[in-house]
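Take a look at the letters that make up each chain.
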Amino acid sequence: MTEDERACYVYGVVPEERSDDAVRDLGAVGDPDATVTLVRHGGQAAVVSEVTLDKPLGTPEDLRAHARVLDSLAAKASPVLPFRFGTVVRGITAVTDELLAEGHDDFERALDRLRGRSQFTLRARYVQDAVLREVLTEQPEAVRLREELQGLPEEAGYDQRIQLGQLVMDAIAAKRAVDALEVDRRLGPCALGSVSTEPSSAEGLVNASFLVEDERRTAFEQAAEELAKHWSGRVRIRLLGPLAPYDFVADAMSPAKEGD
Amino acid sequence: MVTVASQQSQYLDRASSSALVDVVDLILDKGLVIDVYVRVSLVGIEILTIDARIVVASVDTYLRFAEATNRLDLARSGTETKGLPGLMDEMQESGGRKKTKGALEGVKDTVSDLLQGDESDEDEAGEREETRRRESGDRPRHRRSSSRERER
């Protein structure tokens, strides 16, 4: 392996006082045997590991390793600036002399804005049977179609099945719109910002990320717990975090945004 | 303080996840993008994203929801949720079903007759179902149809 075929995978940037211990034993992207280390320059540190250039990145384990390194750092302390998956630079010299030297002021601004803040990501998903029961209670037409279909053999009633499925999905979509607002109403006040995205499955209610200050963390977690209790048996809520601020780092880097 | 808060989660699921779909949702297309001297290699990623998101709003999803709705056993609703659905089911049992039974069986016979000799439609439906199952691999489900048995 010649020097040219090796490069530096960059996970993100943290303040230089962070210890290597937080990441040393974690599997690296691209090469599970590579060591994740911190490369320091000018008060900041890039979190890196060595990769070879002979094979592309992007296996499931690569994705997991990227998230694991950043989230392990975030779990211990903020701030962490996560880079996009797949960021590779030529070598250690490029990390210090180009990446950290040239990016110093931008990174400093983002680190300042994200100090004492972490991301929490909430995944809410309907409990299928419970939400279907609700729909059947509220939609007489669904009950009618269901009864009609139950008298039919499986290969028959294709149109009715499409009709029933569509009706049920539309009813769930209407619930989703209302319930997503409830998530924001309960958790928004405990966070500095939030971003929500369409859930990736049909039973999904919402995927929402919140930027939470350390001192509000307990309040935020309690609000999430209360919401989960409120919807117990109806909506399953998972709360991931503290995570690296994947959804908020771009804003924090932006020169236009004034720090608050 | 933080640890105590986590321990108090009784309803909230706090387990970290290494499920691929979760990781993809969390990190893909997120994070800082830096300058041109960076080489970005993303082989396979787009396919992953599509797999994770394709399940929404398609005919296959409609069929899946219809199937789930049909499968739902209203009589087995837990005591805490036994409200209107449970009552409706009892009403069906006591009266409604008997009255409509004859009519429904009539429809069933007619439709069965119509579908006789049209096996290709059924096979197609079976294949659609199989495709859907692979795409939404997070929740495998057993089917009872004969088309599935045949594939084994």
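Relevant structure appears above.
Residues numbered from 1 in each chain as written. Chains lettered and ligands numbered in written order. Predicted model: local features only at pLDDT ≥ 70, side-chain atom pairs only at ≥ 80, totals over all residues. Heavy atoms only, no water.

Enquirer: What am I meant to see in the overall build of chain A here?
Expert: A tally of regular secondary structure across chain A gives seven helices and nine strands. Taken over the C-alpha trace, chain A has a radius of gyration of 23 Å; the compact-globule value for 260 residues is 18 Å, which it surpasses by more than 25%. For chain A, the spread of C-alpha atoms along the principal axes amounts to about 70 × 45 × 35 Å. Here chain A holds 260 residues, and 59% of them are scored as buried. In chain A, once contacts between residues fewer than 6 apart in sequence are set aside, the share between residues at least 24 apart is 75%. Positive and negative side-chain charges in chain A, numbering 31 and 47 respectively, have mean positions lying 5 Å apart. (Helix = DSSP H or I, 4+ residues; strand = E, 2+ residues; numbered from the N terminus. Rg over C-alpha atoms; globule rule 2.2 N^0.38 Å. Buried < 20%, exposed > 50% of the residue type's maximum accessible area, 1.4 Å probe, protein only. Contact = heavy atoms within 4.5 Å. Lys, Arg positive; Asp, Glu negative; His and termini not counted. Charge placed at Lys NZ, Arg CZ, Asp CG, Glu CD.)

Enquirer: Whenever I open this one, the sheet that holds strand β9 (residues 235–243) of chain A confuses me. Can you help?
Expert: Sheets are built from strands that pair by backbone hydrogen bonding, the pairs being arranged parallel or antiparallel. All names here are of chain A. The four strands are arranged β7-β8-β6-β9 in an open sheet whose pairing can be described as antiparallel. Both edges of this open sheet fall to β7 (193–197) and β9, since each of them pairs with a single strand only. For this sheet the average axis-to-axis angle between neighbouring strands, irrespective of direction, equals 20°. Examined bridge by bridge, strand β6 (residues 117–126) and β9 share seven bridges and lie antiparallel to one another. Residue pairing across strands places Ala124 opposite Ile237, the latter belonging to β9. Helix α5 (residues 158–187) rests against β6, β7 and β8 (204–213) of the sheet, and its axis sits at about 15° to β8. (Pairing = 2+ DSSP bridges. Axes fitted to C-alpha atoms, helices over the stretch in contact; angles between N-to-C directions.)

Enquirer: Can you help me understand the pattern of salt bridges in this one?
Expert: All names here are of chain A. Tallied over the entire structure, the rule returns 23 salt bridges over all chains. Here Glu98 and Arg90 are joined by a salt bridge, their closest N and O atoms 2.5 Å apart. Exposure remark for Glu98: the relative accessible area of 18% places this residue in the buried category. Its relative accessible area of 54% is what places Arg90 among the exposed residues. Residues participating in the shared-partner salt-bridge network are Glu134, Glu138, Lys175, Asp179 and Arg234. (Salt bridge = Lys/Arg side-chain N within 4 Å of Asp/Glu carboxyl O.)

Enquirer: Whenever I open this one, the side chain of Thr87 of chain A confuses me. Can you help?
Expert: Residues and elements named next belong to chain A. Within the element layout of this structure, Thr87 appears in strand β5 (residues 87–89). The exposure class of Thr87 is buried, given its relative accessible area of 3%. Of note is the side chain of Thr87, whose polar atom sits 2.7 Å from the backbone oxygen of Arg84. (Polar contact = N/O pair within 3.5 Å; in protein donor to acceptor, adjacent residues only side chain to side chain.)

Enquirer: In this structure, what is going on with the nonpolar core? I would like to understand it.
Expert: One broad rule of soluble globular proteins: the nonpolar side chains tend to lie buried together. Ranked by size, the top nonpolar core spans 48 residues in total, and within it Leu122, Val183, Leu187, Phe210, Phe220 and Ile237 of chain A carry the most contacts. At nine residues, α5 of chain A tops the list of elements feeding residues into this core. Excluding anything up to four places from it in sequence, Leu187 of chain A contacts Leu122, Phe210, Phe220, Ala223 and Ala224 of chain A. Val47, Phe85 and Leu243 of chain A together with Leu26 of chain B belong to the second-largest nonpolar core, a separate cluster that totals 35 residues. (Core = buried A, V, L, I, M, F, W, Y, C linked by side-chain atoms within 4.5 Å.)

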